[in-house]
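These are the residues of each chain, in order.
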Amino acid sequence: MASLRNKILFGTLAVLATACTENISVPAEFVRLYGDLRIAEREFGETSPEGRIARVQILERYGYTANRFDSIAEQIQSNSNLWEPFQESVLVYVDSIAVLAGAVTPQPKANTLPQKAKK
């Protein structure tokens, strides 16, 4: 009887854990932080002293330590429900920075393609 009760308890906990993890979202500040770090990496490279300084400054600006950043990034990478939406959010953020800087022109959305002019 105790074995059945333990299985039911374990099953219930597993269902609750699954339900809770599906509602987790990534904070917008972490998306911006990650995007800014990626931009700095592209600008300065992964191993340059200037790049390391820029990354430390970015972490400080957002109030993160390297350990806190790594912990959250690992949680996102290990959750398949979070990884793809997170990456899409980072791309949107980085693209918006590029547009503001004038590095690229805004791209029309897929469903808003220009119509052919009638003659």
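Residues numbered from 1 in each chain as written. Predicted model: local features only at pLDDT ≥ 70, side-chain atom pairs only at ≥ 80, totals over all residues. Heavy atoms only, no water.

Student: Is there a simple way to think about the packing of helix α2 (residues 28-44) against helix α4 (residues 66-78) in this case?
Tutor: Relative orientation and spacing of two packed helices are given, respectively, by the angle between their axes and the distance between those axes. Contact geometry of α2 with α4 gives a least axis separation of 12 Å together with a crossing angle of 105 degrees. Looking at the two axes, α2 sits roughly perpendicular to α4. Contact residues: α2 offers Glu29, Phe30, Leu33, Tyr34 and Leu37, while α4 offers Arg68, Phe69, Ile72, Ala73 and Ile76. (Axes fitted to C-alpha atoms, helices over the stretch in contact; angles between N-to-C directions. Helix = DSSP H or I, 4+ residues; strand = E, 2+ residues; numbered from the N terminus. Parallel < 35°, antiparallel > 145°, perpendicular 65-115°, else oblique. Contact = heavy atoms within 4.5 Å.)

Student: Hey, could you run me through the side chain of Asn79 in this one?
Tutor: Counting through the fold element by element, Asn79 comes out in the loop between α4 and α5 (80-100). The class of Asn79 is buried, set by a relative accessible area of 15%. Here Asn81 takes part through its backbone nitrogen, which lies 2.9 Å from a polar atom of the side chain of Asn79. (Buried < 20%, exposed > 50% of the residue type's maximum accessible area, 1.4 Å probe, protein only. Polar contact = N/O pair within 3.5 Å; in protein donor to acceptor, adjacent residues only side chain to side chain.)

Student: How should the packing of α4 against α5 be read in this particular structure?
Tutor: Following both chains from N to C, one finds α4 and α5 inclined at 110 degrees, their axes separated by 5 Å at the closest point. In terms of orientation, α4 and α5 fall into the roughly perpendicular class. Taken together, the residues of α5 that come into contact with α4 (itself represented by Ile76, Gln77 and Ser78) are Ser80, Leu82, Trp83 and Phe86. Counted by class, the contact of α4 with α5 contains four nonpolar, three polar and no charged residues. (Nonpolar A, V, L, I, M, F, W, Y, C, P; charged D, E, K, R; others polar.)

Student: Just to check I follow, could you spell out the nonpolar core for this structure?
Tutor: Note that soluble globular proteins tend to have their nonpolar side chains buried in a common cluster. Residues Phe30, Leu33, Phe69 and Phe86 are the most contacted members of the largest nonpolar core, which totals 18 residues. Those elements giving two or more residues to this core turn out to be α2, α3 (49-62), α4 and α5. (Core = buried A, V, L, I, M, F, W, Y, C linked by side-chain atoms within 4.5 Å.)

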